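Summary of structural features
Each chain, written out:
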Amino acid sequence: MTNTPNTAVTTDPRNAPVTVIGLGLMGKALAAAFLEAGHPTTVWNRTAARADELVARGAVLAPSVADAVRASPLVVVCLTDAAAVRAALGPHRADLAGRALVNLTSGTSEEARELSTWTGDYLDGAIMAIPEVIGRPEAFLLFSGAPEVFAQHRDSLDRLGSATFFGEDPGLASLYDVALLGLMWGTLNAFLHGAALLGAAGVDATAFAPFANQWVGSVTQFIGAYAEQLDRGEYPADDVSLETHLATMKYLVRESAAAGIDTEWPARIQALTERAIEAGHAGAGYAGLIEVFRGKA
Ligand code: NAP
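Keep in mind the model is a prediction, meaning the values are calculated, not measured. (Residues numbered from 1 in each chain as written. Predicted model: local features only at pLDDT ≥ 70, side-chain atom pairs only at ≥ 80, totals over all residues. Heavy atoms only, no water.)

**Examining the site of the ligand**
Neighbouring the ligand are 22 residues; Met26, Asn45, Thr47, Arg50 and Ser106 lie closest to it. The side chain of Thr47 places a nitrogen or oxygen atom 2.5 Å from an oxygen atom of the ligand. Here the ligand, which alone exposes 890 Å², has 75% of that area covered by the protein. The set of elements that each furnish at least two residues to the shell around the ligand consists of α1 (25-36) and α4 (82-89). Residue composition of the shell around the ligand, grouped by class: 12 nonpolar, eight polar and two charged. (Near = heavy atom within 4 Å. Polar contact = N/O pair within 3.5 Å; in protein donor to acceptor, adjacent residues only side chain to side chain. Areas by Shrake-Rupley, 256 points an atom, 1.4 Å probe, with all protein chains shown as cover. Helix = DSSP H or I, 4+ residues; strand = E, 2+ residues; numbered from the N terminus. Nonpolar A, V, L, I, M, F, W, Y, C, P; charged D, E, K, R; others polar.)

**Overview of the domain arrangement of the protein**
Note on interface size: it is often stated as the accessible area lost on association of the parts. Looking at the protein, the domain boundaries give domain 1 (13-168) and domain 2 (200-293). Between the C-alpha centres of domain 1 and domain 2 the distance comes to 40 Å. (Domains from an automatic or database assignment.)

**Observations concerning the nonpolar core**
Core analysis: the biggest nonpolar cluster contains 36 residues, and Leu30, Val43, Val76, Val102, Leu104, Ile134 and Phe143 have the highest contact counts within it. Contributions of two or more residues to this core are made by β1 (18-21), α1, α2 (52-56), β4 (74-77), β5 (100-103), β6 (122-128), β7 (140-145) and α6 (147-158). Those residues in contact with Val102, other than ones at most four positions away along the chain, are Leu74, Val75, Val76, Val77, Leu123, Phe143, Val149 and Leu157. Listed in part, the 19 residues of the second largest apolar core include Val65, Val69, Val75 and Ala88. (Core = buried A, V, L, I, M, F, W, Y, C linked by side-chain atoms within 4.5 Å. Buried < 20%, exposed > 50% of the residue type's maximum accessible area, 1.4 Å probe, protein only. Contact = heavy atoms within 4.5 Å.)

**Quick notes on the side chain of Ser72**
Mapped onto the elements of the fold, Ser72 is located in the loop between α3 (65-70) and β4. In terms of polar contacts, Ser72 uses its side chain to reach the backbone carbonyl oxygen of Val18, at 3.4 Å. Among residues more than four places away in sequence, those in contact with Ser72 are Pro17, Val18, Thr19, Thr42 and Arg99.

**Re α1**
Helical periodicity: at 3.6 residues per turn, an α-helix aligns residues three or four positions apart in one direction. Taking 1.5 Å as the rise per residue, α1 with 12 residues should run 16 Å; its terminal C-alpha atoms sit 17 Å apart, in good agreement. Considering only its buried residues, α1 is in contact with β1, β2 (41-44), α2, β4, β6 and α6. Positive phi shows up at Gly38, right after α1, with a value of about 95 degrees. (Expected span 1.5 Å × (residues − 1).)

**Notes on the packing of aromatic side chains**
Tallied over the entire structure, the rule returns six aromatic pairs. Ring plane angle 5 degrees and centroid distance 5.5 Å describe the contact between Phe191 and Phe208, whose orientation is recorded as stacked. Remark: Phe208 occurs in helix α8 (residues 205-232) and Phe191 occurs in helix α7 (residues 172-199); sequence separation between them is 17 residues. You can call Phe191 partly exposed: its relative accessible area is 25%. Ring centres 6.2 Å apart and planes at 50 degrees place the aromatic pair Phe222 and Tyr226 in the tilted group. (Phe/Tyr/Trp six-rings, centres within 6.5 Å; stacked < 30°, edge-to-face > 60°.)

**Structural notes on a nonpolar patch on the surface**
A grouping of Met184, Trp185 and Leu188 is seen on the molecular surface, where their side chains present a nonpolar patch of about 300 Å² in accessible area. With respect to the secondary-structure elements, Leu188 resides in helix α7. For Leu188, a relative accessible area of 42% puts it in the partly exposed group. (Patch = residues over 30% accessible without salt bridge, like charges linked within 9 Å, V, L, I, M, F, W, Y side chains within 5 Å. Salt bridge = Lys/Arg side-chain N within 4 Å of Asp/Glu carboxyl O.)

**Notes on the sheet that holds β2**
In spatial order, the strands read β3-β2-β1-β4-β5-β6-β7-β8; together these eight strands make up an open sheet with mixed pairing. Since the sheet does not close on itself, it has two edges, and those belong to β3 (60-61) and β8 (162-165), each with one partner. Running at roughly 170 degrees to β8, α6 makes contact with β4, β5, β6, β7 and β8 of the sheet. (Pairing = 2+ DSSP bridges. Axes fitted to C-alpha atoms, helices over the stretch in contact; angles between N-to-C directions.)

**Topic: the environment of Arg93**
Along the chain, Arg93 falls in the loop between α4 and β5. Judged by its relative accessible area of 38%, Arg93 is partly exposed. Once the C-alpha coordinates of Arg93 and Ala66 are considered, the two residues, 27 residues apart in sequence, prove to be 9.1 Å apart. For Arg93, the residues in contact, after removing those within four places along its chain, are Thr117 and Trp118.

So, in structure tokens, the structure goes:
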């Protein structure tokens, strides 16, 4: 199914045409946000039927990847992984000349740097949001790569959420992405472990949740101070020493074992702390654990 460009959707003369390649859960949300903001939007997806809803809202379905790339100065790609990007766009690298390629596909920093060799006008991006918040300021998107591409297409990229640019290394957005996802998984694992522990005592997760939220809020306050310590390379125990943390961690392991729930998560935290202490950081504050993560303890 194809149709001709529908310029009637343009409500703002500053809106430049945009192409979105990949209409999975995220790609559809990206294309919908561009359409909503009035950008003439061309789309392509391997399974063409996934474009039906967007076409009904004014998007143009390109018959091929080459047509999709040629349709707009800004080409946004959001596929499963870098292998899918290579498969879909690799044969059409020549068509990218003179166009900005913004890759919002998750991947490693190495993959981002490799894809950046396809064109000088390459921006790698990471989406810190789920599809339903795309287009709202609480969706934040991280970019790195060609500064002139970010500057030139900033207004368009801002349609997707709040955009931040980290500089010329195309791998940086991917590194921030996995570092932030690690923060999410660590926090959620701790919540789930706590819910399992309290659940074994008959406490509902919904009863635990408000306290979990309040405590996460308190822990958030530690990050800024610890970051300054990490950058200084000094980890004074202004609040609690690692040795005291270790003593309390052992209670979490013991309580987990007594409740018959999995002990791997707290035991791993205890083991990391023991390594830091064995390396001489018993009197350090919690930030001293960085020595373990840096591979130095
Ligand atoms: P999805 O719903 O599974 O969509 C995957 C897309 O990739 C589909 O359009 C699929 O086409 C296409 N695709 C896969 N292999 C292909 C190939 N070899 N050639 C051409 N097209 C191919 O995934 P998603 O949730 O949209 O995620 C897309 C990317 O966004 C991922 O890298 C993901 O990590 C990232 N992301 C997603 C979210 C989220 O909340 N969903 C949040 C942040 C980042 P078909 O329709 O033909 O299968």
